[in-house]
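Survey of secondary and tertiary structure
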Amino acid sequence: MDRRLLEEGLMIIVSSREHTGDLWHAHYGAAAIAAYFWVRENRLTSLAAGSVTAEAKAMLRKHGVHSGEPSLRGEVLPVEEAEALITQALDRTIGELHWVGHQAIYGALSLKAIRELEGWGTARDIQQLVELIDSFERTVPGRSWINTTVKEIRTLRVDESDGFPHIERPEDLSRLILDELGAFDTIYQAEAHHDLIGHMLTYGHALNMLYELGYPSLFYQGLTPFLTMVKALRLSRNVDHELGRLTLQSPVDQLPLVRAERSIALPHELEYWLTDRRSQDWNSGHVFKFPFSFYHHARNSNSVPESWENFRYIIA
């Protein structure tokens, strides 16, 4: 595996706000890290693995900002010190739903990459990452929703009537996520649907990564806001039967919603990567992140056929 995917991915994440002025260029760094671990942790054919890596490197050539060599920029912080700073920032923000969990996604992937590299980043690099995570504080839960609003989600509470199972370990969370994915009758190509369901995969995976990295308290703190998002998503589960009562809040989606396309191939198959992903800008990196997270959940729990079928509508 090419560790430059991790190094350059981290550099994109930590410099996102400095170079672009927003939170979202970090998507491409998170995607590079996801590509590295997705290939390493799954049994792909050599051709498929090579295609994933080649696409990730092409994405970095377009969106990268630096060679990613922290040794050229100053002394690298010890792993323990870097992790302490990052997890403290997550502790400040992970208990609320902000931008469908991207602070948890960026933080968990960065921690996993730094641990894999046995250290990365100067004090300034890590401080930039901390500032990125902290910048999510008091931001919206997300901008696009079906049959609910941002205001309603802010007051939404998870209770026993929701029927969520007791979640003690990552396997429990993965089982819930796969069940929720498989329960959708129709998945629409919209930020308020296809994209939000995909972030259920990545947000939940981020919490699982934190547990696996030795931070179970962050896992448990993140469960309530995560389940709040799942509860909101349930309001859009059967919208094809409720078109007369459908509401949409989104600055980018429009009615009528169009059903998402179905991918014939799955991402562990070479055929999937023969489709042009570059002209779509790798779906802002989600072409790597969604598979990495779904396959993690599928390994963690007995996945039902419905979850695999609906996953095809997330990754087309």
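Cut-offs used in this document
Residues numbered from 1 in each chain as written. Predicted model: local features only at pLDDT ≥ 70, side-chain atom pairs only at ≥ 80, totals over all residues. Heavy atoms only, no water. Helix = DSSP H or I, 4+ residues; strand = E, 2+ residues; numbered from the N terminus. Rg over C-alpha atoms; globule rule 2.2 N^0.38 Å. Buried < 20%, exposed > 50% of the residue type's maximum accessible area, 1.4 Å probe, protein only. Contact = heavy atoms within 4.5 Å. Areas by Shrake-Rupley, 256 points an atom, 1.4 Å probe, with all protein chains shown as cover. Lys, Arg positive; Asp, Glu negative; His and termini not counted. Charge placed at Lys NZ, Arg CZ, Asp CG, Glu CD. Core = buried A, V, L, I, M, F, W, Y, C linked by side-chain atoms within 4.5 Å.

Observations regarding the overall build of the protein
- Of regular secondary structure, the protein possesses 13 helices and 2 strands.
- In terms of overall dimensions, the protein is globule-like: its C-alpha atoms have a radius of gyration of 19 Å, near the 20 Å expected for 316 residues.
- Taking the principal axes of its C-alpha atoms as reference, the protein extends roughly 60 × 40 × 35 Å.
- Expressed as a percentage of the 316 residues in the protein, the buried residues total 58%.
- Within the protein, counting contacts between residues at least 6 apart in sequence, those at least 24 apart form 81% of the total.
- By element, 48% of the accessible surface of the protein is carried by carbon and sulfur atoms, the whole surface being about 13,400 Å².
- For the protein, the distance from the average site of its 31 positive side-chain charges to the average site of its 43 negative ones is 2 Å.

Let's talk about unusual backbone geometry
- Residue proline 256 is bonded to the preceding leucine 255 through a cis peptide linkage, with omega at 0°.
- Looking at the secondary structure, you find proline 256 in the loop between strand S2 (248-249) and helix H11 (270-273).
- Backbone geometry at asparagine 147 places phi at a positive 60°, although glycine is not the residue there.
- Position of asparagine 147 among the secondary structure elements: in the loop between strand S1 (145-146) and helix H7 (150-154).
- Take asparagine 147: its relative accessible area is 18%, and that puts it in the buried class.
- In this model, aspartate 281 sits at a positive phi of 55°, which is unusual for a non-glycine residue.
- As for its placement among the helices and strands, aspartate 281 is situated in the loop between H11 and helix H12 (286-300).

Observations regarding the nonpolar core
- Counting residues in each nonpolar core, the largest one holds 101 residues, and the members touching the most others are Leu173, Met200, Phe226, Phe288 and Phe311.
- The element best represented in this core is helix H2 (residues 26-41), accounting for 12 residues.
- Every residue in contact with phenylalanine 288, bar those within four places of it in the chain, is listed here: Ala31, Ala34, Ala35, Val52, Glu55, Ala56, Met59, Trp273 and Trp282.
- Ile146, Ala190, Val239 and Leu246 belong to the second largest nonpolar core, which has 7 residues in total.

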